[in-house]
Each structure stands twice: as C-alpha cells, then as structure tokens.
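# Overview (structure and organization)
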Amino acid sequence: MPATKKSFSGFGSTAIHAGHETGENYAHLTPIYANSTYVFDTAEQGMKRFKGEEDGYIYSRWGTPNFTEAENKISALESFGIVKNNQPLQLKTILHSSGMAAISTLMLATLKPGDKVLSHYSLYGGTQEFLNIILDSLNIESVIADLRDISVVKSILENDPAIKLVYLETPANPTIQCVDIEAISSIAKQKNKLVAVDNTFCTPYLQQPFRSEVDFVIHSTTKFLNGHGSAIGGALVGRDLDFMKTKVTKTHRLLGGNSNGFDAFLLVQGIKTLELRMQRHCSNAFLVADFLNNHPQVAKVNYPGLESHPDHEVAIKQMKHPGPMLSFELTGGLEAGKKFIDHLEMCVRAVSLGTCDTLISHPASMTHYGVPKEDREKYGITDGLIRMSVGIENSEDIINDLDQALQSN
Ligand SMILES: *Cc1c(COP(=O)(O)O)cnc(C)c1O
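None of these values were measured; they are calculated from a predicted model.

### What to know about the overall build of the protein chain
- When helices and strands are counted, the protein chain shows 15 helices and 14 strands.
- Projected onto its principal axes, the C-alpha coordinates of the protein chain cover approximately 75 × 50 × 40 Å.
- The buried share of the protein chain, reckoned over its 409 residues, is 55%.
- For the protein chain, the share of sequence-separated contacts (at least 6 apart) that also reach a separation of at least 24 residues comes to 73%.

Spelled out as structure tokens, the structure:
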C-alpha cells in the first residue's frame, strides 16, 4: 500500500509529503497531466460535477491533479503548526500562472470601484505598477504611506473608510524594508479591513503571516518555492474557505491565470527541498552581508540581520532568520556598481530571485525601470543600489567572486 500519513511534526517532512495523493498506477510522483479536459461517464455525472455535488476534474483551467498537489502542499506549509480555536488552521490555495496573476485575482476579487488599497513604499515593481495602472483605471485608488510607523497606519485607517484592503510585502523589494505584520493586521482587523501579505521573499519556512490575523498570503512561486528558476508560477492562499471557494475561485477561473501541468510538477519537486535550501540560502546570506558590511568600497548594506538595519527588531520578531535577500550600495555609486556587476564570474547577472544560483541585479535599470525616478528615490531605490539573492553555492565561492569583482574598481 502507498503511504497515507497526512500530518508530520517537521516542516521538512511536510514539504516533502503533504499534498501527495497516490494515483491509480501507484506512480511515486504525480505524473504530468497534459490534457485540457476530463471525461464524464454520463451526462448525469457531468451535471453533478458542475454543480459541485461530485468531486472530480472538469477542465484544466479550473484544476488538475498537479495543481491540487501544489496547492495542498502550500496550504500545509503556510498553516504548519498553527492552531486557531483549538483546531489546526485550514487554508485554501489557488495556484496561478504567475505571482502577478495571483495578485490580479486577489485585487479583482476583493475590490470594486470607489474602494482604496493601503500599501507601503518599495513594493515589487510589478505590484506597484498594477496599483498605478490597472487599479487606478478602475477608480480604485492606492494610498501609499510609510507603514513602518504604526501611528500612521492607525490614523489612515481611522480617517479613510474607503480603504478595503491593506496590502503588505515584507521584507520589501529591493530595499529589504520590513513592516510589522502583527501590529498592522490587528489594527486593520479592528476596522474590518482585509489584509494580504506577499510572502515571496520569506516562504513559510521563515515567516507565517497567518499566525497573525491576515486574510490572504501571496506568493510568486517562481522564486524560493520552486527554487530552481525552472518555472513561473503564483499562489493565492486564503483563510476564509467559503470566500476562497466562491468569489475568489470564480474570479481566478474567469481571469484565466491558470498554471499548467509541467510547471506545477516542477514546483512540487522544488518545494520538497525548501527547508534545506532556505537554511543554506540564509546562512550564506549572513556571511555575505558580513563580508560586504566590512568592505571599504561598500557604502551601505540593507540586510535585516544587521543591527544597523532600521527594521532589524521587526525582522527578527516575525522571521525565523533575517533571510536570503540583501541589497547594497558601493561608495563609487552607479558607475562602480556597473563595473562590479560586469566583473562577476560566478554570480549570475539576472533579475528574479530564489534560485540555487546567486543572482545579482540592478533595480533602478531593471526591475524598477517602470517606476518614476522620483518615486524610486523616495522609496530608497537609488541609482547605485545592487540587489542580491544569495544562492546555495559554497559561501567561499560567492564571497571570492564578490571580492574579485570589487577589486575591478
Ligand atoms: C517576482 C515577484 C512577484 C511577481 O511574481 P511573478 O511570478 O514574476 O509574476 C511578486 N512579488 C514579489 C515579492 C516578487 O519577488
């Protein structure tokens, strides 16, 4: 008989086994479902499936066994070890074609014209543009403030009843600023607002927003969850199961941002090593931050593990470890930054993050190119800022590569 155990005391075992259902051929891994549609035995059965009276797949935009496995794995990890009202927390995840698709579903399922979103500086570039271009055109305004100041959160929520959703990203891209999930969500809940957290940089291994009263967690699974840079994907996780099964599922199906069998298969395999990879990403990042922080050509390091980081306290309160992401500025500014990037021999010059390889990018000319310079600088994204997703290579190779590239200046 195939294994059937469903709950585990360790996060790593959960990442490996949760969500897997043995199929009729007892394949060890769920095979890739490459079909677009599913067959009914009878008209009656088709009718029952559409009505939701019988479980079963109908059409691959709506779901496949590969999506279900990834969704149940992510739900198990985001709820791992969380007990609410003496019951293990139940979550529902909907897999998407990308992180942006998950964000689109979230926004369009929860907001209508006249509503407002409260968010903070220095969001993922695509999210910021989504707020500015798509939501703005639907007459959904975003209020952007420094939510690290809790008195600001209080006063905005008290004075602006049109705010429906509080949207957080912590740590935020690419300045690694952190906001206090617990403090903000408890104020938001008193005012009956919805709260969503983009947990892409942390993954549930480092941070579980559902420990606080948040309603939704978003992931770009493209990053650490997949972990190998082999597929684009996104996840929208929610705690209100009825709302997730009705309005959110409907919105997702109609917007059409579904994943596919191959990408979902790659995601499931990637998640199995999440715990081990995150441990290595994090221990390497700690050493890299220390190296850069002590280097004479480095003007500033943004890494929440450093006591000098303005959000150090919040980061260590809500994260298991300061994480794998950091950014820094060279004393020589933009020109020195370009020279440094061009001289890297092992670290990869690319946007994105969360792969086994160390990735280095230049936000001002790449990920945040679409954000006006004036806004960028207000958010701390200066022309000379360099962002690093520290990989799982051996730390001495990463540091040696940075060292030799810095010597080019
Ligand atoms: C990459 C990313 C996104 C967008 O995800 P895609 O999979 O590229 O659509 C959203 N938020 C954060 C924090 C990201 O890093």
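### With respect to the packing of helix α3 (residues 65-78) against helix α10 (residues 261-271)
- Relative to each other, α3 and α10 sit at 35°, their axes nearing to 8 Å. Relative to α10, the crossing made by α3 is left-handed. Each of N66, F67, E69, A70, K73, I74 and L77 in α3 lies in contact with α10, whose residues at this interface are G261, A264, F265, L267, V268 and I271.
- The class makeup of the residues in the contact of α3 with α10 is 9 nonpolar, 2 polar and 2 charged.

### Focus: the nonpolar core
- Formed by 53 residues in total, the largest nonpolar core has its most connected members in L118, L147, L157, V166, L168 and F210.
- Apart from residues no more than four positions distant in its own chain, L147 is found in contact with L118, S119, H120, V153, L168, V179 and I184.
- Core analysis: the next-biggest nonpolar cluster, separate from the first, contains 26 residues, V288, A289, Y303 and L326 among them.

### Some words on the sheet that holds strand β9 (residues 234-238)
- Read across the sheet, 7 strands follow the order β3-β9-β8-β7-β6-β4-β5 without closing on themselves; strand pairing throughout is mixed. What marks the edges here is a single partner per strand, and that holds for β3 (92-96) and β5 (141-145). Strand after strand, the sheet turns through a mean of 20° between neighbouring axes, direction not considered.
- With 5 bridges joining them, β3 and β9 adopt antiparallel strand pairing.

### Digging into helix α2 (residues 43-51)
- Along α2, the positions that sit buried rather than exposed are Q45, G46 and R49. Within α2, the buried residues cover an arc of 100° as seen down the axis, which keeps them to one side. Across α2 from its buried face, at more than 90 degrees, point the exposed residues A43, F50 and K51.
- Of the residues trailing α2, G52 is marked for its positive phi of about 80°.

### Here's the deal with the sheet that holds strand β10 (residues 298-302)
- Strand order in the open sheet formed by 5 strands is β10-β11-β14-β13-β12, and the pairing between neighbours is mixed. Both edges of this open sheet fall to β10 and β12 (348-349), since each of them pairs with a single strand only.
- Judged from the 2 bridges that link them, β12 and strand β13 (residues 359-361) form a sheet pairing that is parallel. Following the sheet pairing, V348 is matched in β13 by L359.

### A few points about the packing of aromatic side chains
- Counting across every chain of the model gives 7 aromatic pairs.
- Ring centres of F50 and W62 lie 5.7 Å apart, and the angle between their planes is 70°; this geometry places the pair in the edge-to-face category. Of this pair, F50 sits in helix α2 while W62 sits in the loop between α2 and α3, and the two are 12 residues apart along the sequence.
- Judged by relative accessible area, F50 falls into the exposed class, the value being 51%.
- Residue class for W62 comes out partly exposed when judged on its relative accessible area of 31%.
- Ring-pair connections join several aromatic residues into one group, and the members of that group are F11, F80 and Y205.

### Considering the site of the ligand
- Surrounding the ligand, one finds 15 residues, the nearest of these being M100, D198, S220, T222 and K223.
- For the ligand, an oxygen atom lies 2.8 Å from a polar atom in the side chain of S220.
- Note that an oxygen atom of the ligand is positioned 2.8 Å from one of the side-chain N or O atoms of K223.
- Relative to its unbound accessible area of 380 Å², the ligand is 94% covered by the protein chains.
- In the shell around the ligand, the residues fall into 5 nonpolar, 7 polar and 3 charged.

### Some remarks on the confidence of the model for the protein chain
- For the protein chain, per-residue confidence averages 95 on the pLDDT scale, and residues scoring 70 or more make up 99% of the total.
- Model confidence for the protein chain, summarised as mean pLDDT per element, is weakest for helix α14 (residues 373-378) at 80 and strongest for β9 at 99.

### What about unusual backbone geometry?
- A cis amide bond, omega -5°, links T170 with the succeeding residue P171.
- Turning to its location among the elements, P171 is positioned in the loop between β6 (163-169) and α7 (181-190).
- Look at the link from N173 to P174: it is a cis peptide, with omega at -15°.
- Within the secondary structure, P174 sits in the loop between β6 and α7.

### Some details on the environment of A70
- Take A70: it is sitting in helix α3.
- For A70, a relative accessible area of 0% corresponds to the buried category.
- Remark: the alpha-carbon pair of A70 and A264, spanning 194 residues in sequence, is separated by 6.4 Å.
- Each residue touching A70, except ones within four places of it in the same chain, is listed here: L95, A264, L267 and V268.

### Section: the packing of helix α11 (residues 274-293) against helix α15 (residues 395-406)
- Where α11 contacts α15, the axes come no closer than 10 Å and their chain directions differ by 25°. In terms of orientation, α11 and α15 fall into the roughly parallel class. The element α11 and its partner α15 pack so that their crossing is right-handed. Across from N284, L287, V288, F291 and L292 in α11, the residues of α15 making contact are S395, I398, I399, L402, D403 and L406.
- When its residues are assigned to classes, the contact of α11 with α15 shows 8 nonpolar, 2 polar and 1 charged.

Definitions and cut-offs
Residues numbered from 1 in each chain as written. Predicted model: local features only at pLDDT ≥ 70, side-chain atom pairs only at ≥ 80, totals over all residues. Heavy atoms only, no water. Helix = DSSP H or I, 4+ residues; strand = E, 2+ residues; numbered from the N terminus. Buried < 20%, exposed > 50% of the residue type's maximum accessible area, 1.4 Å probe, protein only. Contact = heavy atoms within 4.5 Å. Axes fitted to C-alpha atoms, helices over the stretch in contact; angles between N-to-C directions. Left-handed = near helix turned anticlockwise from the far one by under 90°. Nonpolar A, V, L, I, M, F, W, Y, C, P; charged D, E, K, R; others polar. Core = buried A, V, L, I, M, F, W, Y, C linked by side-chain atoms within 4.5 Å. Pairing = 2+ DSSP bridges. Arc of directions from axis to C-beta. Phe/Tyr/Trp six-rings, centres within 6.5 Å; stacked < 30°, edge-to-face > 60°. Near = heavy atom within 4 Å. Polar contact = N/O pair within 3.5 Å; in protein donor to acceptor, adjacent residues only side chain to side chain. Areas by Shrake-Rupley, 256 points an atom, 1.4 Å probe, with all protein chains shown as cover. pLDDT = per-residue confidence, 0-100. Parallel < 35°, antiparallel > 145°, perpendicular 65-115°, else oblique.

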